[in-house]
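Coordinate analysis (summary)
Here's the letter readout for the chains.
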Amino acid sequence: MAAPAVEGAAVTALRAVMHRVRLAAERSGRRADDVRVVAVSKTKPVPVIAQVYDAGHRCFGENYVQELIEKAPQLPEDIEWHFVGHLQSNKVKALLTAVPNLDMVEGVDNEKVANVLDRTVSTLGRQPLKVMIQVNTSGEVSKSGVEPSECVELVKHVQLSCSNLNFSGLMTIGMPDYTSTPENFKTLLDCRAQVCKALGVAESQYELSMGMSGDFEQAIEMGSTNVRIGSTIFGPRDYSKKK
Ligand SMILES: *Cc1c(COP(=O)(O)O)cnc(C)c1O
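Quick caveat, the model's predicted, so the values are computed rather than measured. (Residues numbered from 1 in each chain as written. Predicted model: local features only at pLDDT ≥ 70, side-chain atom pairs only at ≥ 80, totals over all residues. Heavy atoms only, no water.)

**With respect to the overall build of the protein chain**
Broken down by element type, the protein chain carries nine helices and eight strands. What you see for the protein chain is a C-alpha radius of gyration of 18 Å, in line with the 18 Å of a compact globule of 243 residues. The C-alpha extent of the protein chain, read off along each of the three principal axes, is 60 × 45 × 30 Å. When the 243 residues of the protein chain are sorted by exposure, 52% land in the buried category. Intrachain contacts of the protein chain at a sequence separation of at least 6 include 60% that bridge at least 24 residues. For the protein chain, the exposed surface amounts to about 11700 Å²; the carbon and sulfur share of it is 51%. (Helix = DSSP H or I, 4+ residues; strand = E, 2+ residues; numbered from the N terminus. Rg over C-alpha atoms; globule rule 2.2 N^0.38 Å. Buried < 20%, exposed > 50% of the residue type's maximum accessible area, 1.4 Å probe, protein only. Contact = heavy atoms within 4.5 Å. Areas by Shrake-Rupley, 256 points an atom, 1.4 Å probe, with all protein chains shown as cover.)

Here's what the structure looks like:
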């Protein structure tokens, strides 16, 4: 019998993350299954992603359209890809065409990109696409994310005018340097409460995507249903090779 392959560092790290997610979920009175872990693989090579896939993980996230377009066809079709972060409307068509297994866009922050996504899903004859609306919870000037006060209006637009999109919840990155504070998470919770009140639905209907490598346990304890974890699984990113 062949000697068992040595487990890759990313797989070992994934297992540790899943354990910490489970404990945090239990501390918040939930189960590990109630929290989705998006393994954010941006800048990481396909073979490393494949190791994490082979260990049983299925949900991966990318933040650059071109990179996702290159990687997705080299990896199994049953991966649920999440596009995380701001998406430019002029890249929607290429993204949806190249990645039929794109499961969710976490980063809709204006009507224009919502409309382009809606139309493109229809043109391509795809199933409705899940989207989360990105909220700027930092109170600082930022190029991405709607202001909390504009959140209800954008959600209503997606719900009423974009029949090919499934509004799934709200997402935040936190501060401009990608760290988060409990105030960021609280703001996102408040936004969800407002949205649910305006639409007359239960808060459990909509997800909260908050928490990254440095703060996912705290985010889960505050009610996150979707954490986006990159460097704690895949190691620090090296941007020097990026154009
Ligand atoms: C890169 C990225 C993450 C993951 O960040 P880590 O701190 O490495 O976990 C999460 N969300 C978005 C939008 C990202 O771009």
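**Side note on the site of the ligand**
Every one of the 15 residues lining the ligand counts as a neighbour, but Lys42, Ser213, Gly230, Ser231 and Arg237 are closest to it. Contacts to the ligand include arginine 228, whose side-chain N or O atom sits 2.9 Å from a nitrogen atom. For the ligand, the accessible surface in isolation is 390 Å², of which the surrounding protein chains cover 95%. (Near = heavy atom within 4 Å. Polar contact = N/O pair within 3.5 Å; in protein donor to acceptor, adjacent residues only side chain to side chain.)

**Some points on the pattern of salt bridges**
Scanning all chains against the criterion turns up 11 salt bridges. The partner of arginine 20 in a salt bridge is glutamate 217, with the nearest N and O atoms 2.9 Å apart. Here the residue arginine 20 occupies a position in helix H1 (residues 9-27), and glutamate 217 occupies one in helix H8 (residues 216-221), the gap between them amounting to 197 residues. In this structure arginine 20 comes out as partly exposed when scored by relative accessible area, which is 31%. Look at glutamate 217 and you get partly exposed, because its relative accessible area is 23%. Lysine 71 serves as the salt-bridge partner of glutamate 62, at 2.8 Å between the closest nitrogen and oxygen. With a relative accessible area of 0%, glutamate 62 lands in the buried category. Linked through salt bridges whose partners overlap, the residues forming this network are Glu62, Glu67 and Lys71. (Salt bridge = Lys/Arg side-chain N within 4 Å of Asp/Glu carboxyl O.)

**Quick look at the environment of valine 38**
Secondary-structure assignment places valine 38 in strand S1 (residues 36-40). A relative accessible area of 0% means that valine 38 is categorised as buried. Excluding its chain neighbours within four sequence positions, the residues that come into contact with valine 38 are Cys59, Phe60, Gly61, His82, Glu106, Asn226, Val227, Arg228 and Ile229.

**Here's the deal with the pairing of strand S2 (residues 59-62)**
Neither face of S2 is left uncovered, since the one carrying Cys59 and Gly61 and the one carrying Phe60 and Glu62 both have all their residues buried. Viewed along the sheet, the connection from S1 through helix H2 (residues 46-54) into S2 turns out right-handed. Relative to strand S3 (residues 80-84), S2 runs parallel, the two being bridged by four bridges. Bridge pairing in S3 links phenylalanine 60 to tryptophan 81. As a crossover connection, the stretch from S2 through helix H3 (residues 65-71) into S3 is right-handed. (Right-handed = clockwise from strand over helix to strand, strands pointing away. Pairing = 2+ DSSP bridges.)

**With respect to the packing of aromatic side chains**
Applying the stated rule across the entire model yields two aromatic pairs. With centroids separated by 6.0 Å and ring planes inclined at 50°, the aromatic side chains of phenylalanine 60 and tryptophan 81 adopt a geometry described as tilted. Taken together, the residues span a long stretch of sequence, with phenylalanine 60 in strand S2 and tryptophan 81 in strand S3 at a distance of 21 residues. A single burial state applies to phenylalanine 60 and to tryptophan 81, both of which are buried. Look at phenylalanine 167 and tyrosine 206: their rings are 4.7 Å apart centre to centre, the planes differ by 65°, and that puts the pair in the edge-to-face class. (Phe/Tyr/Trp six-rings, centres within 6.5 Å; stacked < 30°, edge-to-face > 60°.)

**Examining the nonpolar core**
Note that soluble globular proteins tend to have their nonpolar side chains buried in a common cluster. Within the largest apolar cluster, 65 residues are counted, with the highest numbers of intra-cluster contacts made by Leu102 and Leu117. Beyond its immediate sequence surroundings of up to four residues, leucine 117 is in contact with Leu87, Val92, Leu96, Val105, Val108, Leu129, Val131 and Leu165. Core analysis: the next-biggest nonpolar cluster, separate from the first, contains five residues, Met132, Met171, Ile173 and Met212 among them. (Core = buried A, V, L, I, M, F, W, Y, C linked by side-chain atoms within 4.5 Å.)

Just distances and angles here, no functional claims.
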